[in-house]
Amino acid sequence: VLQNNDFLRNTVHRHEPPVTAQPVQILVENDEVVVVDKPSSLPVHPCGRFRHNTVIFILGKEHDLKELHTIHRLDRMTSGVLMFAKTAEVSKRIDEQVRERQLEKEYVCRVVGEFPEHEVVCEEPILVVSYKVGVCRVDPKGKVCKTVFQRLSYNGKTSVVKCLPRTGRTHQIRVHLQYLGHPIVNDPIYNMEAWGPDRGKGGKVDKTDEELLKALVEEHRSKQSLDILGISEEDLNASAENQDCGNAGGCTKAGPVNESACPAEDAKDPERNGAAACPLDSGSNQEKLENNKELGSWENRDGQTGGKSSEEKDPLCVECKTTRRDPSPKELVMYLHALRYKGAEFEYCSKMPEWAAEEWEE
């Protein structure tokens, strides 16, 4: 029983998945907005297993840009133009353009095979299979959406394609390309063997949703790349334990969580429409993390000061016992890039990525 003046502390032990060392480049900064070129592998804001390795946190820590308002989002593995508003008024103004579909978005990607030379329009409805792992598929019960594709080049093996999403659904570009039989070359979800021999072409998947998710997780586990899905062995073990406990009182259901599990991530992705489900404040996120750091430096029960060293192992932590290889640079990049965002009063562009050059070969 807690008494007056008792001090209770909960110390969180965390392993963040690896991300690229490529810097977050600021393209434009003025009184209203901050526009950056987001590297692949970085989530936009703290969510799931990511805290420090996020665009919001890095902008606050390295550029002293705090209290930013997220206008739209990019998937963690997608790179390119990302906008933040400096005030709520600017955020609201651009939000209205997003809702009224006045915001033009242009992406480039590199896909498998020879994409048709003529313009291709895909209007297949998309259904979310799992918010936790972040997987979608074409399904008649899904939400209506539309993407326009135009081939830019073909090098004999792969094609560079311009993508113009006319609606904003989860993973819209990636799912539509998979359906057309031209998935993104290194897509860690939609270009996997788990989808079957045709890799989901034409919406053909000879598995139930549960079997598909299990196959995807097992394929990444065998490649030691669960971090790409944003989940860990510890997440999977917790999920299994909680399923075993059934509906017993006091049992909390949990499952693999990644950045897609955050409601806000689903709410305002650049391939999604709608208002943010939770307000983002880079300053408050930074403050919470700094407070946690201070807590870790207080005296422990042995009277010693200082938090745990980075080398100390937690006997209860599965991740501490797991030895992982460092991912190669190409594992942290997906060939999908937000090239241009254009609104009623603005237009922001980034450079074409190296992998989009006509003569480029992997």
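Residues numbered from 1 in each chain as written. Predicted model: local features only at pLDDT ≥ 70, side-chain atom pairs only at ≥ 80, totals over all residues. Heavy atoms only, no water.

(A) Molecular detail of the environment of R93. Mapped onto the secondary structure, R93 falls in helix α2 (residues 88-99). Taking the C-alpha atoms as reference points, R93 and I71, separated by 22 residues in sequence, lie 9.8 Å from one another. If we ignore the near neighbours within four places in the chain, the residues touching R93 are E32 and E345. Polar side-chain contacts of R93 include one of 3.4 Å to the side chain of E345. (Helix = DSSP H or I, 4+ residues; strand = E, 2+ residues; numbered from the N terminus. Contact = heavy atoms within 4.5 Å. Polar contact = N/O pair within 3.5 Å; in protein donor to acceptor, adjacent residues only side chain to side chain.)

(B) Representation of helix α1 (residues 55-63) within the structure. Buried residues of α1: V55, I56, F57, I58, L59 and G60, and no others. D64 sits one or two positions beyond α1 and adopts a positive phi of about 55 degrees. (Buried < 20%, exposed > 50% of the residue type's maximum accessible area, 1.4 Å probe, protein only.)

(C) Highlighting the pattern of salt bridges. Within this structure, the stated rule accounts for 16 salt bridges. In this structure, D139 engages K141 in a salt bridge whose closest nitrogen and oxygen atoms are separated by 3.4 Å. Owing to a relative accessible area of 6%, D139 belongs among the buried residues under this scheme. Residue classification places K141 among the exposed residues on the basis of a relative accessible area of 65%. (Salt bridge = Lys/Arg side-chain N within 4 Å of Asp/Glu carboxyl O.)

(D) Fine view of the nonpolar core. Counting 52 residues, the largest nonpolar core has F84 and F149 as its most contacted members. For this core, the element with the most residues is strand β4 (residues 79-85), which contributes five residues. When residues of this core are assigned to domains, at least three fall in each of domain 1 (15-100) and domain 2 (104-228 + 331-353). Excluding residues within four positions of it along the chain, F149 makes contact with F115, H118, E119, V120, C122, V161, K162, C163, I173, H176, L177 and L180. Counting residues in each nonpolar core, the second largest holds 20 residues, with V135, A194, L216 and V217 among its members. (Core = buried A, V, L, I, M, F, W, Y, C linked by side-chain atoms within 4.5 Å. Domains from an automatic or database assignment.)

(E) Structural detail: the side chain of R110. Checked against the element boundaries, R110 lands in strand β5 (residues 104-112). Of the side chains bearing the opposite charge, E359 lies closest to the buried R110, which forms no salt bridge; the N-O distance is 7.7 Å. A polar side-chain atom of R110 sits 2.7 Å from the main-chain carbonyl oxygen of W355. (Lys, Arg positive; Asp, Glu negative; His and termini not counted.)

(F) Geometry of the packing of aromatic side chains. One pass over the full model with this rule turns up six aromatic pairs. Judged by centre distance (6.3 Å) and plane angle (65 degrees), the rings of Y107 and Y341 are edge-to-face. In this pair, Y107 is assigned in strand β5 and Y341 in strand β11 (residues 336-342), connecting sequence segments 234 residues apart. With a centroid separation of 5.2 Å and an interplanar angle of 35 degrees, the aromatic rings of Y335 and W355 are classed as tilted. Of this pair, Y335 sits in the loop between α8 (318-321) and β11 while W355 sits in the segment after β12 (347-349), and the two are 20 residues apart along the sequence. Here Y335 matches W355 in class, with each residue buried. Among the aromatic residues, those joined into a cluster by ring pairs are Y335, W355 and W360. (Phe/Tyr/Trp six-rings, centres within 6.5 Å; stacked < 30°, edge-to-face > 60°.)

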